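# Structure at a glance
Given next are the chains, with one letter for each unit.
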Protein chains: 2
Amino acid sequence: MQLRSYFPILNWGRTYSRQALANDLFAAVIVTIMLIPQSLAYALLAGLPAEAGIYASIVPIMLYAVFGTSRALAVGPVAVISLMTAAAVGQVAQQGTAGYATAALVLAGLSGAILLAMGLFRLGFLANFLSHPVIAGFITASGILIAASQLKHVLGISAGGDTLPNIVGSIFAHLDQTNFITLGIGLAAIAFLFWVRKGLKPLLHRLGTPKMLAELLTKAGPVAAVVVTTVLVDAAALDNAGVQIVGAVPQSLPPFTLPAATFDFVEALIGPAILISIIGFVESISVAQTLAAKKRQRIDPNQELIGLGAANIGAALTGGYPVTGGFARSVVNFDAGAETPAAGAFTAMGLAIAAVALTPLIYFLPKATLAATIVVAVLSLVDFSILRKAWAYSKADFAAVAATVVVTLGCGVETGVTAGVALSIALHLYKTSRPHVAEVGRVPGTEHFRNILRHKVETHPSLLSLRIDESLYFANARFLEDLIQDRVTQGSPIRHVVLMCSAVNEIDFSALESLEAINHRLTEFGIGFHLSEVKGPVMDRLQKSHFLDGLNGRVFLSQFDAMMNLTPIPEPAEAA
Amino acid sequence: MQLRSYFPILNWGRTYSRQALANDLFAAVIVTIMLIPQSLAYALLAGLPAEAGIYASIVPIMLYAVFGTSRALAVGPVAVISLMTAAAVGQVAQQGTAGYATAALVLAGLSGAILLAMGLFRLGFLANFLSHPVIAGFITASGILIAASQLKHVLGISAGGDTLPNIVGSIFAHLDQTNFITLGIGLAAIAFLFWVRKGLKPLLHRLGTPKMLAELLTKAGPVAAVVVTTVLVDAAALDNAGVQIVGAVPQSLPPFTLPAATFDFVEALIGPAILISIIGFVESISVAQTLAAKKRQRIDPNQELIGLGAANIGAALTGGYPVTGGFARSVVNFDAGAETPAAGAFTAMGLAIAAVALTPLIYFLPKATLAATIVVAVLSLVDFSILRKAWAYSKADFAAVAATVVVTLGCGVETGVTAGVALSIALHLYKTSRPHVAEVGRVPGTEHFRNILRHKVETHPSLLSLRIDESLYFANARFLEDLIQDRVTQGSPIRHVVLMCSAVNEIDFSALESLEAINHRLTEFGIGFHLSEVKGPVMDRLQKSHFLDGLNGRVFLSQFDAMMNLTPIPEPAEAA
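The model shown is predicted, which means the values in this text are computed figures rather than measured ones.

Criteria and cut-off values
- Residues numbered from 1 in each chain as written.
- Chains lettered and ligands numbered in written order.
- Predicted model: local features only at pLDDT ≥ 70, side-chain atom pairs only at ≥ 80, totals over all residues.
- Helix = DSSP H or I, 4+ residues; strand = E, 2+ residues; numbered from the N terminus.
- Contact = placed C-beta atoms within 7 Å.
- Domains from an automatic or database assignment.
- Buried ≥ 20, exposed ≤ 12 C-beta atoms within 10 Å, placed from the backbone.
- Pairing = 2+ DSSP bridges.
- pLDDT = per-residue confidence, 0-100.
- Least-squares fit on C-alpha atoms with pLDDT ≥ 70 in both.
- Expected span 1.5 Å × (residues − 1).
- Bend = angle between axes of the 7 residues up to and from the residue.

Another aspect to go through is the overall build of chain A. Along the backbone of chain A there are 26 helices and eight strands. With respect to the three principal axes, the spread of C-alpha positions in chain A is 100 × 60 × 55 Å. Within chain A, residue pairs in contact and separated by at least 24 positions form 81% of the contacts whose partners lie at least 6 positions apart.

And the structure:
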């Protein structure tokens, strides 16, 4: 059992049927056709030679098939991680040098080691600290950054930059170098790919094309763009007219690479590697869980970390760069009927054949076409509606998503996601440091107690019942002290204070000291101090301290009990 | 009124009586006698010339009298802040150089600006994130570091180091330079001062000395040690035998200094300045609140920030270094009968007279005597009992205090306090990311619902009532999704799920999306999804979203309502 939980392949592998094989093979064909141009394009985005994208799609996908728990996830290079790779590696090496490719391998290795360690130490929960709004904001901002970064290939100019102002500034500075033939190819490819996305499927539907064929034709759009523009450049010798082409790509299976990690490299890349690991994990697990839920399958987050860790170490050892489970490719894989991770293994074989057989054919492939496939793919990720939704629901969530978008665009991906996470945690802590406190009274005819300001309730002047809507911990311990001091020193007729603890999920050591101080002060004033509705785990903790020995009042099971015992009014129900 | 809240002096100043004047003058005499050796000693600890300690006690204390809200707080150099100053300034300048003194002024100016800004922006709540255990651990570890750092003066050797291993290592490396006359003076002073602390008061009490005189004599212990050892060194010309002395101290009032802050200085010192500001504020406000509570006075934390900010800016402009409200001196001031901040102003005058008149007399004062006063003062701060108490109450609190102690001793004060705060926040977030969830049932004969595992309660097989003991936010949103999925897919007879929200103080945007996903999944399974006991603020928020429109069940005022409506059992009370 233990072995099977670490090697999910032992579960689905034993019952693999002929029907599953057929379905997996069909899905693999569609995904392979989609992945060939995409892998080349994402390598370009990461600043790496085209073959790195293909290599990163072969061994990682096979390792994930052995260790991963998702049946449909397709692992490989994805847009956001490619952009983050470019940003991280660009800090330690110059694009086009051997050091750059090595740094990308080291980054994949580090990322793999981090993911594996997180899986073995069961740290998958860390990903939860990336809130939904922060992720949504980050994906949108990254999509804009990626599209902007590809404009240089569409224009045929050389430009750089990691942030939106830098990229735009650099493009404007080099605008006079624009190659109009490149621009024509790029714009045509973009227009064609948008039409394939939006217009082709309805058209095929009207023409009565069978659904599966229509699916295949739609996914083959980028391949068609690649084939047509490559043939065009070759036939018209447009490379002599300044159109940038992919050029010679080694015709080989993924090479064995052992990234030589110097201490300086590791030190410079460890921070980005942590961020890439967590972002990659979040993207991957979101896709995996969405697809699994449709078939009522289960995803084990910690085993997913192990699967992704193995995939990244595989990428590091075979000439790739950081990978994760991609949204688009996984959905295509799922929709095409993939039943098991074997579909991934077949895709890997398809790509291996492409790496050996097809690479000479893409010598004349214009970079503008690849850039066009990226632009069209990432613009579908851009969705500003999260800003509107978050604004309507909660200003804190809006602040987090707005900060993520602005900082990602203005300062780059790493700073952006860090700022978003830090701000959402800070706002959460701020809110819990100033808890909502309600004075409560009894809802007539029930044993239920609610806020006196919102409900018609019964109270008694000698009894102050306060419901603290937060766990008591260091950040708000002093707040409670001040609050109670304010309430009882106003010369009121209060004889008893009851703290209704239904919303207090923890009392830490600092808060315990505050409660002792409150008890001490109320005792001096001759006022009774009581607790009600203290939960089991909190009560267990209090019993370990001396607080209950010193408490001048009692701990009541319910607020109703407290009211019955501390006020002279007979209960209406009993009086009746 | 607005003006008075910024200038508390306008409140107490208008009603200042002859009796208050007499009390304040008496307190000022005692505090002045105590402060002269202490100021010199803390300057030594901060690595500054002796006069800096005196200067830092004059203008700051007067500015605090104008802006501060505490009646008894005595502001000036304190042990922990002096140590932190030495650590911070030592990173940018060499001890004994003019740059070192300038850096100390810049540090005080920055710290003053930070405190003022925090006060004006009402950020006093930030200090709450330093939990009681972290503060206790930090004070204890700092006390040990300070005592260790003074051993070199007692031994008469030169040694350095910011961490306990460094300090001890450096002392051992220079142990052969020990000056035995210095060691004799130092040990005798330590023994004498300990005896004054522990043995003198009981002795005076037995001798029938009046209480006030006994108080004065006890506080004059350090002065006696200073006088005796100074006379001894002068008479026996021990400075020629290698005993380090204070030497020439300028005979003047505090000079006007305008710290020339270069950008590099500011950049290097801003981090330490933030820590010094927060630690200083926490120390000061704790003392102020303790003393104010004894006389039922109120402290305004944000106005305290302004008072301390003004004091530090005063220190920066008059040859001082960072200051704050000190524990020992404030307690002495309070016990001696100080009624208003005017006592502080009189103390400042006493010290000004000392600065002009007495400085020639301390030429032969041995540094070993000052070190002895520091060692005896700080060892009283060392208290490891917090480790035992925290261990007994909560392992998380213990981890925070243990980390603070170990990291402060091993890596220095700044890293130590940062580690303690970061760990306590991280542990708090970790706990809230894996909330306690209880399945609840009705306590028989009441309308109260409790955990089925801890109480004998009534339940119904078709109704699953879950009480989530935490606010729902991004860190635990997915946790709830998984939990409910696990409970309802086990082929159970459950027809309705009720989420009892009495402990849910917030539902953020991420959690809202999770609730929508849960509702969607339960609807597919034909199970009703309901909420109960949703609090006012949470309900307000939910009504801004579309969640309630899509909810397949209802929102009940109380869990009892939910049970009555969703289960077929008649309520016993009604049946009777």
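Let's shift gears to the domain arrangement of chain A. The domain boundaries assigned to chain A delineate domain 1 (2–128 + 173–383) and domain 2 (437–575). Distance from the C-alpha centre of domain 1 of chain A to the C-alpha centre of domain 2 of chain A: 58 Å.

Here we take up the pairing of strand β6 (residues 496–500) of chain B. A regular strand places its side chains on the two faces of the sheet in alternate fashion. Residue and element names in this part refer to chain B. For β6, the tally of buried residues reaches five of five residues, placing the bulk of the element in the interior. Alternating positions in β6 separate into two faces, His496, Val498 and Met500 on one and Val497 and Leu499 on the other, with burial throughout. Relative to β6, strand β5 (residues 463–468) is paired through five bridges, and the arrangement is parallel. Within β6, the position partnered with arginine 467 by the bridge is methionine 500. With five bridges joining them, β6 and strand β7 (residues 528–532) adopt parallel strand pairing. Counted as the bridge partner of histidine 496 is glycine 528 from β7.

Here we come to the confidence of the model for chain A. All names here are of chain A. Looking at chain A, pLDDT values average 88 and 98% of them are 70 or higher. For chain A, per-element mean pLDDT is lowest for helix α26 (residues 572–575), which scores 43, and highest for strand β7 (residues 528–532), which scores 95. Predicted confidence for residues 570–576 stays below pLDDT 50, and this span has two contacts to residues more than four positions away or in other chains. The ipTM, which scores confidence in the relative placement of chains, is 0.82 for this predicted complex, and the corresponding pTM is 0.85.

Now for the relation of the copies chain A and chain B. Turning chain A through 180° and shifting it by 0.0 Å along the axis lays it on chain B, with an RMSD of 0.0 Å. The transformation just described matches what one would write down for a two-fold rotation axis. Judged by C-alpha distance, alanine 503 of chain A is the residue of chain A that lies nearest the rotation axis, at 1.9 Å. Most of the interface of chain A is mirrored in chain B: 98% of its interface residues are interface residues there too.

Let us look at the sheet that holds β7 of chain B. In sheet architecture, strand pairing relies on hydrogen bonds along the backbone and comes in two forms, parallel and antiparallel. All names here are of chain B. The strand order across the open sheet built from six strands is β4-β3-β5-β6-β7-β8, with neighbouring strands paired in mixed fashion. Of all strands in the sheet, those bounded by a partner on one side alone are β4 (449–451) and β8 (555–556). The sheet contact formed by strand β3 (residues 437–442) and β5 spans three bridges and is antiparallel. Considered in β5, the bridge of valine 437 is made with isoleucine 468.

Burial within β3 of chain B is extensive, with five of its six residues counted as buried. Taking the residues that link successive antiparallel strands as the turn, the β3 of chain B-β4 of chain B hairpin has six residues, and the phi of glycine 445 of chain B there is positive, at about 80°.

Turning our eyes to something else, we now look at helix α19 (residues 395–411) of chain B. With 17 residues, α19 of chain B extends 23 Å from end C-alpha to end C-alpha; this agrees with the ideal 24 Å at 1.5 Å per step. For α19 of chain B, every residue scored as buried is listed here: Ala396, Asp397, Phe398, Ala400, Val401, Thr404, Val405, Val407, Thr408 and Leu409 of chain B. Those residues of α19 of chain B that are buried are in contact with α22 (509–524) of chain A together with α8 (132–155), α9 (164–173), α18 (385–393) and α20 (413–433) of chain B. At the C-terminal side of α19 of chain B, glycine 412 of chain B shows a positive phi close to 100°.

Once that is clear, we can look at the environment of leucine 63 of chain B. All names here are of chain B. Residue placement: leucine 63 occurs in helix α5 (residues 59–67). Of the residues examined, leucine 63 has 27 C-beta atoms within 10 Å and is grouped as buried. For leucine 63, the contacting residues outside a window of four places in its chain are Ala310, Ala311 and Gly314.

What follows concerns helix α10 (residues 180–206) of chain B. Residue and element names in this part refer to chain B. With 27 residues, α10 should reach 39 Å at 1.5 Å per residue; the first-to-last C-alpha distance of 36 Å fits that figure. In α10, a bend of some 50° at glycine 199 exceeds every other bend along the element, and proline 202, a proline, comes one to four places later. Regarding α10, the residues found buried are Thr182, Ile185, Gly186, Ala189, Ile190, Phe192, Leu193 and Val196. On its buried side, α10 packs onto α8, α11 (211–219), α12 (221–236) and α17 (367–379).

Here we take up the sheet that holds strand β8 (residues 555–556) of chain A. All names here are of chain A. On the basis of which strands lie adjacent, the open sheet formed by six strands has the order β4-β3-β5-β6-β7-β8 and mixed pairing. In this open sheet, the two edge strands, each paired with only one partner strand, are β4 (449–451) and β8. Pairing between β7 and β8: two bridges, direction parallel. When the bridges of β8 are listed, serine 532 appears paired with phenylalanine 556.

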